[in-house]
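Understanding the architecture of this molecule
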Amino acid sequence: MSKVEEFLTEAEEKEIISAIRTAETNTSGEIRVHIEASSEKEHYERALEVFHLLKMDNTKDSNGVLIYVAVKDHKFVICGDKGINDVVPKNFWDATKDIIQNQFKKGNFKQGIVDGILKAGLELQSHFPWQTDDENELSNEISK
């Protein structure tokens, strides 16, 4: 098995997808998780590339959030689109990174991702509350 396949069990992946659904319940925001083995590019640059490849920069309110994980490199990046970046508190991304990193340091990879998703979801909800005409614009599945 590859590093990506070993990173999370099938049950853990389902828990992450469930956390995405929960986080998106009360917001028009979109959250995605992308996992790959490694990147030859700088990780933030690669995360932005994946953000674009997943069409996360095409949401109606520019409020997509990506959690990118490079398993073999032991790196992760959280990035948000312009709409969310313009309204979150200055320390939001660092606080979310710390929540994920604290769990990752303990080897709790699934829990770190879930905690990051739920934190991002609460912030999205406060700035982009769900409206009656909202639709799920992007898949909740983990991309690899």
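Residues numbered from 1 in each chain as written. Predicted model: local features only at pLDDT ≥ 70, side-chain atom pairs only at ≥ 80, totals over all residues. Heavy atoms only, no water.

**What about the pairing of strand E1 (residues 30–36)?**
Basically, it comes down to this: Only protein chains enter the calculation, and the probe is 1.4 Å; a residue is then buried if its accessible area is under 20% of its type maximum, exposed if over 50%, and partly exposed in between. Secondary structure counts use DSSP, requiring at least four H or I residues in a row for a helix and at least two E residues in a row for a strand, with both numbered from the N terminus. In this analysis, strands are considered paired if DSSP registers two or more bridges between them. The handedness rule is simple: strands pointing away from the viewer, and a clockwise path from the first strand over the helix to the second, make the crossover right-handed.
With seven of seven residues buried, E1 is to be regarded as a mostly interior element. A two-sided burial pattern is seen for E1, the buried positions comprising Glu30, Arg32, His34 and Glu36 on one face and Ile31, Val33 and Ile35 on the other. Both E1 and strand E2 (residues 64–70) contribute to a ladder of seven bridges, which runs parallel. By the bridge assignment, Ile35 is partnered in E2 with Val69. In this fold, the crossover linking E1 to E2 by way of helix H3 (residues 43–53) has right-handed handedness.

**Re the packing of aromatic side chains**
To be explicit about the condition: Each Phe, Tyr or Trp ring, with Trp reduced to its six-membered ring, pairs with another whose centre is within 6.5 Å; inter-plane angles below 30 degrees give stacked pairs, above 60 give edge-to-face pairs, and intermediate values give tilted ones.
Applying the stated rule across the entire model yields five aromatic pairs. Measuring from centroid to centroid gives 4.8 Å for Phe92 and Trp93, while their planes differ by 70°, and the two rings are edge-to-face. Comparing Phe92 with Trp93, the two get one shared label, buried. Centre to centre, the rings of Phe104 and Phe109 are 5.3 Å apart; their planes meet at 70°, and the pair counts as edge-to-face. Grouping aromatic residues by their ring pairs yields a cluster made of Phe7, Phe76, Phe104 and Phe109.

**A closer look at helix H2 (residues 10–24)**
Here is the rule we go by: One fewer than the residue count of a helix, multiplied by 1.5 Å, yields its expected span. It is the directions from the helix axis to the C-beta atoms whose arc is reported. Only heavy atoms enter the contact rule, under which two residues are in contact if any of them lie within 4.5 Å.
Between its first and last C-alpha, H2 extends 21 Å over 15 residues, near the 21 Å set by a 1.5 Å rise per residue. Every buried residue of H2 is listed here: Glu13, Ile16, Ile17, Ala19, Ile20, Ala23 and Glu24. The buried residues of H2 all sit within an arc of 155° when viewed along its axis, so they share a single face. Contact partners of the buried residues in H2: E1 and helix H6 (109–127).

**Some remarks on H6**
The end-to-end C-alpha separation of H6 is 27 Å, in line with the 27 Å expected for 19 residues at 1.5 Å each. Taken together, the buried positions of H6 are Lys110, Gly112, Ile113, Val114, Gly116, Ile117, Ala120, Gly121, Glu123 and Leu124. Each element contacted by the buried residues of H6 is listed here: helix H1 (3–7), H2, E1, E2, helix H4 (82–85) and helix H5 (92–105).

**Comments concerning the environment of Phe128**
The topology assignment puts Phe128 in the segment after H6. Under the relative-accessibility criterion, Phe128 is labelled buried at 14%. A sequence separation of 93 residues divides Phe128 from Ile35, and the C-alpha atoms of the two residues are 26 Å apart.

**As for the packing of H2 against H6**
Operational definition: Between N-to-C directions, angles cover 0 to 180 degrees, with each direction set by a line fitted to C-alpha atoms, over the stretch in contact for helices. Orientation labels follow simple angle bins: below 35 degrees gives roughly parallel, above 145 gives roughly antiparallel, 65 to 115 gives roughly perpendicular, and whatever is left gives oblique. Under the grouping applied here, Gly and all other residues not named as nonpolar or charged are polar, the nonpolar ones being Ala, Val, Leu, Ile, Met, Phe, Trp, Tyr, Cys and Pro and the charged ones Asp, Glu, Lys and Arg.
Remark: H2 packs on H6, axes separated minimally by 9 Å, with the N-to-C direction vectors making an angle of 5°. What the angle tells us is that H2 and H6 run roughly parallel. In this structure, H2 contributes Glu12, Glu15, Ile16, Ala19, Ile20, Thr22 and Ala23 to the contact, and H6 contributes Lys110, Ile113, Val114, Ile117, Leu118 and Gly121. Residue composition of the contact of H2 with H6, grouped by class: eight nonpolar, two polar and three charged.

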